[in-house]
Amino acid sequence: MLDTAKRKAMLRQMVLLRAFEEKLEELYQRKAMFGSTHSYRGQEAIAVGVCSALQSSDLIASYHRGTGHLIAKGADLYTLLCECMGRAEGYSKGRGGKMHMGDMAFGFIGNTGTVGGTVPTATGAALSAKVRGSKEVVISFFGDGAANQGVVHEAMNMAGLWKLPVIYVCENNQYAMTVSLEKSTAVKQYSVRGAAYGFEGKTIDGNDVEAVYEETARAAAKGRSGDGPTFLECMTYRWDGHFGGDPGTAYRTKEEIESWKQKCPIKRLKEKLIAEGHLSESEFQKTSDEVYADLAAIAERAEAAPLPKKEVDLTSIYAPLEVSHG
Amino acid sequence: MGRSMLQNGLQGPRGERPVPSCFVLNNVHTDTSISLYKGRKNFRPPMNLEFTMPEQTYLEAIRAGLEEEMRRDPAVYIFGEDVALGGPFGVTKGLAETFGVNRTVNTPISEATVMGLAIGSATAGLRPVIEIMFIDFITLAMDQLINHAAKLHYMSGGQLKIPLTVRVQCGISGAMGAHHSQSLEAWLAHVPGLKVVMPANPADAKGLLKSAIRDDNPVVFIEHRGLYWSKGEVAPNSDSIAIGQAAILRDGKDLTIVALSSMVAPALAAARELEAEGISVEVIDPRTISPLDIETIAASVKKTSRLIVAHEAVEQGGIGAEIVSRVQQEVFYYLDSPILRVAAPFAPVPAGPTLEKQFLPNQERIVDACRRALSSN
């Protein structure tokens, strides 16, 4: 059972993730952010529940809808916002944008613009953990769309075969861009695929941050003790369109969107804590206001941060040569 | 498939050994002015050149390179289809016995994810050497190689390193047809973040493989199947050879041939043929196509004023086009004739031995191109 302080911390984290997406949307609308947004609103319980159950030495690999994962794992908000706004002080010196980064300082081995692309690399990091005899576990975050990519099946097969310490966290928000689950996938739940590769697959409520935490903690303990991978299918819903520019209403009904907003993961934990007498509405409001205000200040700083030099930046294309020929 | 069948494609003319090793010159080893070493910056002769070096096949040299690097660095491991038993040609044979199956790991037939796992393990502390059985199959792994391996260092602002060696073998040998015979190196050389190496003899194969494994970047190491059983002298525990340095295999003053991988042997044979007629031909093997040592090539063309580029890949969009473009940019006013390419026609590789023979560039076509270059002013 999670203690109150931990649950309150998770609640605050979820508010931060939501505030961050809303900030990106605002920046995008006024063209201060380039590329595209891929809003994580509605899915916050997954990133927060998973990452709160990890140790700092554990690794994560993310994907295009990934800012939430990074923040929950410990990304620096200023550096992340700089990257989203193409600033020189961003994680990739302004060259990666929000989809193309990596930073071992907080155990983040990269996200990707090709759907499913980091599922093999996450599995490879788990292979390394096993070979090195470390106790790290690796989280492979991906969506329901990626679940139908061939490499996901290949990677899960190898992970099952070698009992690798990887947790496949499938964020099933029920739409692969515009195509719904039932129109793209032969099975009702992806979690049955765990059995196809010799390990446990489980469908859980992805809007219940405590459940996500508990299941991740259990899967991580399993991974650390050498008992192999787990497939956690977290059922959820993205409130917004696939990307900034997609209102998300051409392929989903307003009623459906509204019904999922009623299942908001933040609202859910907040109401539970209030009912238990651990939180008041005003206390929550105060926390939320603080989170939004702090983020606004950081975003302001990031927006004022220097842009990269105008010359094409050809540094860090290759790692420096430290080869001794002998 | 029989070994002899695989060897057929690259038999040298008149039953000669397919590819001469650069170290056939080892009797003059102490003279560092010999042409072999001109392209090697900061070259110093290996200490043990006083002794005759053992002969090894290209395949054995690669295996020795793998073994020496696995001994040197416990983070090095081999990962790929059938590698524990040596793979289809026996390159990795015996390594599982020496280092165990945890360092010589057989994988399922899943090229994309073999690549992906290797990349992930490289970000997290290992130094994988993977084997993609035929370069034709690298197509299956392109997302992982191009979008992830090649770009993670850049995308992470220089934080993540991908010390990955991708061993593949390429080319025409043994009438294996359209899906087992291609030369796709130009695709890979087009991608910033990758290094691409194509050794043509056993000593280079071993020395460059060592550099590839020690490099903190993804290196695609392209072996030629037809060269596997060619022999040359290779020193045990020999030096690594720096990636990105061409080798001048033969000095000449009338014309330069730049030949890659399987075309090195026919180019040297063509040079000998023309020498008999009093034509002096310089032969350069770039050895690495990304980065490309254009300096050495341009310096040679400045001297000879004529250039032929020979590779086994199809002509259109081949690495020859890049060499031609950069050479003319560097030394246009020194050229006495158009630069010609000798390459395969723009067609898939045919399977039948007769058709395959016609398809493959050879000594005769290189000599013909040389004569055309020499006859124009």
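One numbering rule holds for all chains: residues counted from 1, following each sequence as written. Chains carry letters and ligands carry numbers; both start at the beginning, A for chains and 1 for ligands, and go up in the order they are written. Under the rules for a predicted model, residues below a pLDDT of 70 receive no local features and side-chain atom pairs below 80 are neither given nor counted, while totals for whole chains, interfaces and linings still include all residues. Only hydrogens and water are removed before side-chain values are computed, so all heavy atoms of the structure are retained for them.

**A word on the overall build of chain A**
And then number 1: Each helix and strand counted, chain A has 12 helices and 7 strands in total.
And then number 2: Each radius of gyration reported is based on C-alpha atoms, and the globular scaling rule is 2.2 Å times the count of residues to the power 0.38. What you see for chain A is a C-alpha radius of gyration of 20 Å, in line with the 20 Å of a compact globule of 326 residues.
And then number 3: By its C-alpha atoms, chain A is 65 × 50 × 40 Å across when sized along the principal axes.
And then number 4: The contact criterion used throughout is that any non-hydrogen atoms of two residues lie within 4.5 Å. Long-range pairs, those at least 24 residues apart, make up 73% of the contacts in chain A with a sequence separation of at least 6.
And then number 5: For chain A, the accessible area works out to roughly 12,800 Å², and carbon and sulfur atoms hold 55% of it.
And then number 6: When charges are counted, Lys and Arg contribute as positive and Asp and Glu as negative, whereas His and the chain ends are disregarded. To locate a charge, take atom NZ for lysine, CZ for arginine, CG for aspartate or CD for glutamate. For chain A, the centre of its 39 positive side-chain charges and the centre of its 41 negative side-chain charges are spaced 2 Å apart. A helix here means a DSSP run of H or I that spans at least four residues, while a strand means a run of E at least two residues long, and both kinds are numbered starting from the N terminus. Accessibility throughout is a Shrake-Rupley quantity obtained with a 1.4 Å probe, and a residue counts as covered only by protein chains that appear here.

**Digging into the interface of chain B and chain A**
And then number 1: Each partner contributes residues to the interface: chain B has 51 residues there, and chain A has 47 residues.
And then number 2: When two components associate, each loses some accessible surface as probed by a 1.4 Å sphere; the sum of these losses over both components is called the buried area. Both sides together, the interface formed by chain B and chain A hides about 3,600 Å², and carbon and sulfur atoms give 60% of it.
And then number 3: When the buried area of chain B at its contact with chain A is split by residue, Leu117, Tyr154 and Met155 of chain B rank highest and sum to 18% of it.
And then number 4: We define a salt bridge as a side-chain nitrogen of Lys or Arg found within 4 Å of a carboxyl oxygen belonging to Asp or Glu. Where chain B touches chain A, the interface holds 0 salt bridges.
And then number 5: Those elements that provide at least two residues to the side of chain B that touches chain A are β2 (76-80), β3 (104-106), α4 (111-123), α5 (142-149), α6 (152-155) and α8 (202-214) of chain B.
And then number 6: The greatest single-element share of the side of chain B that touches chain A, amounting to 10 residues, is contributed by α4 of chain B.

**Topic: the domain arrangement of chain B**
Residues and elements named next belong to chain B.
And then number 1: An automatic or database domain assignment provides the domain bounds reported here. Once the domains are mapped, chain B shows domain 1 (54-233) and domain 2 (247-375).
And then number 2: Residue-level contacts link 25 residues of domain 1 with 22 residues of domain 2.
And then number 3: Around 1,900 Å² of area is buried between domain 1 and domain 2 when both sides are counted, 62% of it from carbon and sulfur atoms.
And then number 4: Considering only the surface of domain 1 that becomes buried against domain 2, Ile172, Ala175 and Met198 emerge as the three largest contributors, covering 30% of it.
And then number 5: The partner of aspartate 204 in a salt bridge is arginine 287, with the nearest N and O atoms 2.9 Å apart.
And then number 6: Side-chain atoms alone can form a polar contact between residues adjacent in sequence; in general such a contact is a pair of N or O atoms within 3.5 Å, and within protein one must be able to donate a hydrogen while the other accepts it. Where domain 1 touches domain 2, the interface holds 8 residue pairs in polar contact (both at pLDDT 80 or more).

**A few points about the environment of phenylalanine 106 of chain A**
Residues and elements named next belong to chain A.
And then number 1: Take phenylalanine 106: it is sitting in the loop between α4 (77-84) and α5 (118-132).
And then number 2: Between the C-alpha atom of phenylalanine 106 and that of alanine 75, which follows or precedes it by 31 residues, the distance is 6.5 Å.
And then number 3: Apart from residues no more than four positions distant in its own chain, phenylalanine 106 is found in contact with Leu70, Lys73, Gly74, Ala75 and Tyr91.

**Comments concerning the sheet that holds strand β5 (residues 165-170) of chain B**
Residues and elements named next belong to chain B.
And then number 1: Reading across from one edge, β3-β2-β4-β5-β7-β6-β12 is the order of the 7 strands in this open sheet, with mixed pairing throughout. In the strand order of this sheet, the two ends are held by β3 and β12 (288-290), each with one partner. Neighbour-to-neighbour, the strand axes of this sheet turn through a mean angle of 20°, independent of strand direction.
And then number 2: Pairing analysis gives 6 bridges linking β5 to strand β7 (residues 219-224), with the strands arranged parallel. Bridge pairing in β7 links arginine 167 to phenylalanine 221.
And then number 3: In this analysis an axis means a line fitted to C-alpha atoms, helices contributing only their contacting stretch, and an angle means the value between N-to-C directions, from 0 to 180 degrees. Those strands touched by helix α2 (residues 58-72) are β2, β3, β4 (127-132), β5 and β7, and its axis lies near 150° from that of β7.
And then number 4: Packing against the sheet, α8 makes contact with β2, β4, β5, β6 (195-197), β7 and β12, and its axis sits at approximately 160° to β7. When DSSP finds two or more bridges between a pair of strands, those strands are recorded as paired.

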